[in-house]
Amino acid sequence: MKRFLFVLALVLVAPSCASAQTPFYQDKTIRIIAGFGAGSTDDAWSRMIARYLAKYIPGNPNMIVQNMPGAGAMIAANYVYKVAKPDGLTLGGIRSGLYFDQLVGRKEVQFDWTKFTWLGSPTLVEQLVYIRANSPYK
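Cut-offs and rules
Residues numbered from 1 in each chain as written. Predicted model: local features only at pLDDT ≥ 70, side-chain atom pairs only at ≥ 80, totals over all residues. Heavy atoms only, no water. Helix = DSSP H or I, 4+ residues; strand = E, 2+ residues; numbered from the N terminus. Expected span 1.5 Å × (residues − 1). Buried < 20%, exposed > 50% of the residue type's maximum accessible area, 1.4 Å probe, protein only. Arc of directions from axis to C-beta. Contact = heavy atoms within 4.5 Å. Phe/Tyr/Trp six-rings, centres within 6.5 Å; stacked < 30°, edge-to-face > 60°. Lys NZ or Arg CZ within 6 Å of the ring centre and 35° of its normal. Polar contact = N/O pair within 3.5 Å; in protein donor to acceptor, adjacent residues only side chain to side chain.

Engineer: I'd like a rundown of helix α2 (residues 41–53), residues and numbers included.
Structural biologist: The end-to-end C-alpha distance of α2, which contains 13 residues, comes to 18 Å, matching closely the 18 Å that a straight helix rising 1.5 Å per residue would cover. When α2 is considered as a whole, its buried residues turn out to be Asp-43, Ser-46 and Ala-50. An end-on view of α2 places all buried positions within 60 degrees of arc, on one side of the element. Opposite its buried face, α2 presents the exposed residues Thr-41 and Arg-51, each directed more than 90 degrees away. Buried residues along α2 sit against β1 (29–34) and β2 (62–67).

Here you go:
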């Protein structure tokens, strides 16, 4: 009987003590750093994604797009990697081909491509790379 009363007390008291956790993104703003000029096709993709992405994130955060064009989106990639806080509130709209710049050792690259998490692409682009057999890259 004591066990039954104890379990009954837990069932009746536990829900009143537990508070609902608010979603992390509620009342916050997510920035998409678009590495493209305003009005470009790539900028339009970033803005379309921003318009609909918030509907699928718990808490329905505000979304803004900040253009940071230059160097084929490398300026934006460097910013997301080195300056933006890693708090989940900054996304980068950059080109997937930037990893080649890191592979060939361009001095302008300040990011580590392997540290980025790829969320997706608005389009499917086939890329093919040819490398000479006698090059230092394999």
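What follows picks up the thread again.
Engineer: Quick rundown of the environment of Ser-96? Include the residues and the values.
Structural biologist: Residue placement: Ser-96 occurs in the loop between β3 (90–93) and α4 (98–103). Relative accessible area serves as the criterion here: at 28%, Ser-96 is assigned to the partly exposed category. For the pair formed by Ser-96 and Ala-73, sequence separation is 23 residues and the distance between their alpha carbons is 9.6 Å.

Engineer: Got a sec to walk through the packing of aromatic side chains? Specific residues and values, please.
Structural biologist: By the definition in use, this model includes 8 aromatic pairs. Ring centres of Tyr-99 and Trp-113 lie 6.0 Å apart, and the angle between their planes is 45 degrees; this geometry places the pair in the tilted category. Separated by 14 residues along the polypeptide, Tyr-99 in helix α4 and Trp-113 in the segment after α4 bring together distant segments of the chain. Summarising the aromatic geometry, the rings of Trp-113 and Trp-118 are spaced 6.0 Å apart at their centres and angled 40 degrees between planes, so their arrangement reads as tilted. Among the aromatic side chains, those forming a connected cluster through ring pairs are Tyr-81, Tyr-99, Phe-100, Phe-111, Trp-113, Phe-116 and Trp-118. The ring of Phe-24 carries Lys-28 above its face, with NZ or CZ at 3.5 Å from the centroid.

Engineer: Mind laying out the side chain of Asn-78, listing which residues take part and the relevant values?
Structural biologist: Relative to the helices and strands, Asn-78 resides in helix α3 (residues 74–82). Classification of Asn-78 as buried rests on a relative accessible area of 10%. Within the structure, the side chain of Asn-78 is placed 3.0 Å from the backbone oxygen of Glu-108, a separation counted as a polar contact. Apart from residues lying up to four places away in sequence, Asn-78 is in contact with Val-83, Glu-108, Val-109, Gln-110 and Phe-111.

Interpretation in functional terms is not warranted from these geometric data alone.
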